[in-house]
Amino acid sequence: MAGHSQFKNIMHRKGKQDGIRSKMFSKLAREITVAAKTGLPDPTMNAALRLAVQNAKAQSMPKDNIDRAIKKASGADAETYDAIRYEGYGPGGTAVIVEALTDNRNRTASNVRSTFSKAGGALGETGSVSFSFDHVGEITYKASVGDADKVMEAAIEAGAEDVVSDEDGHTIYCGFEDMNEVSKALEGVLGEAETVKAIWKAQTPIEVDEDRALSIMKLIETLEDDDDVQAVYSNFEVSDEVMAKLSA
């Protein structure tokens with residue numbers, strides 16, 4: 001079975017890479033600016049900023065862009081962004097969580113609601129679908145750091161809850177509250193992680209067919225194309241056969 005993360009890889013391969021990278025840098029810069037405003041503008045003294053910068057570097061964001069985003073937080077005209085979570089239902093009753101950073105709540109809510117409606121879904125109330133997800137820490141490493149056994153051993157020692165290893169790399173899950181502690185312990189053994197972030201992980205994924213999968217992909221792609229949307233999570237999965245067709 002393949003799920004949401006594999007779909008994101010497909011969308012990025014099929015999309016216009018330059019446009020995707022530019023939009024990704026804008027979203028990462030917004031995260032850095034927000035993190036810098038929560039504490040000192042020094043990644044070594046601000047855990048949230050350190051993780052935001054680390055994730056930006058993992059996407060090859062230029063150092064100048066990172067520095068500008070940090071400096072923007074201390075400017076007199078710096079925008080104030082609100083973190084908002086939207087919850088709703090996509091095609092086939094699939095659950096969808098949308099995380100946004102916005103300087104205009106009305107604009108973002110209107111855009112998200114419209115996107116759900118056009119996809120045949122519906123925006124729900126806060127809490128309408130998040131109960132079927134776990135809010136956890138996700139730490140990723142490239143496959144080159146070691147084999148599955150080495151990473152599993154390091155993860156267990158660090159206090160992680162689960163590890164998924166494949167040819168693309170290693171994904172380690174831990175409790176949300178333990179994310180900083182676990183990532184630091186892993187760094188001592190495996191080196192700096194590629195990404196460290198909080199995600200919404202579906203408790204019980206729902207299998208969908210090819211047509212429905214295409215509809216969900218389109219919904220997620222449209223949501224992620226919104227400048228205010230930082231991340232989208234869903235609880236669908238597809239068979240390896242359907243994944244092969246979508247990847248063709």
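What counts as what
Residues numbered from 1 in each chain as written. Predicted model: local features only at pLDDT ≥ 70, side-chain atom pairs only at ≥ 80, totals over all residues. Heavy atoms only, no water. UniProt positions renumbered as here; feature names shortened; annotations may be inferred. Domains from an automatic or database assignment. Contact = heavy atoms within 4.5 Å. Buried area = accessible area lost by both parts, 1.4 Å probe. Salt bridge = Lys/Arg side-chain N within 4 Å of Asp/Glu carboxyl O. Polar contact = N/O pair within 3.5 Å; in protein donor to acceptor, adjacent residues only side chain to side chain. Nonpolar A, V, L, I, M, F, W, Y, C, P; charged D, E, K, R; others polar. Pairing = 2+ DSSP bridges. Helix = DSSP H or I, 4+ residues; strand = E, 2+ residues; numbered from the N terminus. Axes fitted to C-alpha atoms, helices over the stretch in contact; angles between N-to-C directions. Buried < 20%, exposed > 50% of the residue type's maximum accessible area, 1.4 Å probe, protein only. Core = buried A, V, L, I, M, F, W, Y, C linked by side-chain atoms within 4.5 Å. Parallel < 35°, antiparallel > 145°, perpendicular 65-115°, else oblique. Left-handed = near helix turned anticlockwise from the far one by under 90°. Arc of directions from axis to C-beta.

In the annotation of an unreviewed UniProt entry, the protein is listed under the name Probable transcriptional regulatory protein GAO09_28935 and assigned to Endobacterium cereale. In the Subcellular location (unreviewed entry) part of its UniProt record, the protein is described as follows: "Cytoplasm".

## Comments concerning the domain arrangement of the protein
By domain assignment, the protein separates into domain 1 (1-74), domain 2 (82-131 + 203-239 + 243-247) and domain 3 (134-202). Counting residues at the interface gives six residues for domain 1, matched by 10 residues for domain 3. Each partner contributes to the roughly 700 Å² buried at the junction of domain 1 and domain 3, and carbon and sulfur atoms together form 43% of this total. Where domain 1 touches domain 3, the interface holds zero salt bridges. One can count two residue pairs in polar contact (both at pLDDT 80 or more) joining domain 1 with domain 3. For the side of domain 1 that touches domain 3, the residue count by class is three nonpolar, two polar and one charged.

## Describing the sheet that holds strand β1 (residues 82-89)
Pairing between the strands of a sheet is mediated by backbone hydrogen bonds and can be parallel or antiparallel. The four strands are arranged β3-β1-β2-β9 in an open sheet whose pairing can be described as antiparallel. Pairing within the sheet leaves two strands with one partner each, and these edge strands are β3 (122-123) and β9 (229-234). Across eight bridges, β1 lies against strand β2 (residues 95-102) in antiparallel orientation. Considered in β2, the bridge of D82 is made with T102. Lying over the sheet, helix α5 (residues 105-118) contacts β1, β2, β3 and β9, oriented at roughly 20 degrees with respect to β1.

## Regarding the pairing of β9
A large share of β9 lies buried, amounting to six of its six residues. By the bridge criterion, five bridges tie β2 to β9 in an arrangement that is antiparallel. Bridge assignment links A100 to a residue of β9, and that residue is V229.

## Focus on the pattern of salt bridges
Applying the stated criterion across every chain, the model contains eight salt bridges. Between D225 and K23 there is a salt bridge, with its nearest N and O atoms 3.9 Å apart. Residue D225 is found in the loop between α8 (210-224) and β9, and its partner K23 is found in helix α2 (residues 17-37); the two are separated by 202 residues along the sequence. Looking at D225, the relative accessible area reads 47%, which means it is partly exposed. Across the pair R85 and E87 runs a salt bridge, and its minimum N-O distance is 2.9 Å. Among the charged side chains, a salt-bridge network with shared partners connects R30, D103, R107 and D228.

## Quick word on the nonpolar core
Among soluble globular proteins, nonpolar side chains are generally buried collectively. Ranked by internal contacts, the top residues of the largest apolar core, which has 22 residues, are Y86, V96, V98, F116, L223 and V232. If one sorts the elements of this core by residue count, α8 sits on top with six residues. With 18 residues, the next largest nonpolar core counts A155, V182, L186 and V196 among its residues.

## A few points about the packing of α5 against α8
Packed helix pairs are specified by the crossing angle of their axes together with the interaxial distance, meaning the distance between the axes. Look at α5 against α8: their axes get within 10 Å of each other, and the N-to-C directions meet at 165 degrees. Our classification of the angle between α5 and α8 gives roughly antiparallel. Considering only the axes of α5 and α8, their crossing is right-handed. Taken together, the residues of α8 that come into contact with α5 (itself represented by V112, T115 and F116) are L219, T222 and L223. For the contact of α5 with α8, a count of residues per class yields four nonpolar, two polar and no charged.

## Quick word on the UniProt feature "domain: TACO1/YebC-like second and third" (unreviewed entry) in the protein
Under the present numbering, the feature "domain: TACO1/YebC-like second and third" (unreviewed entry) in UniProt falls on residues 81-236. Secondary structure content for residues 81-236 is 33% helix and 36% strand, and the end C-alpha separation is 30 Å.

## Observations regarding the sheet that holds strand β5 (residues 162-166)
Strand order in the open sheet made by the four strands is β5-β6-β4-β7, with antiparallel pairing throughout. The strands lining the two open edges of the sheet, one partner per strand, are β5 and β7 (195-202). Each neighbouring strand pair of the sheet contributes to a mean axis angle of 30 degrees, computed without reference to strand direction. Sheet analysis places strand β4 (residues 133-141) next to strand β6 (residues 169-175), joined by six bridges and oriented antiparallel.

## Here we look at helix α4 (residues 63-72)
Among the residues making up α4, those that are buried are I66, A69 and I70. Mapping the buried residues of α4 onto a view down its axis gives an arc of 100 degrees, with all of them on the same face. Of the exposed residues in α4, those oriented more than 90 degrees away from the buried face are D64, R68 and K71.

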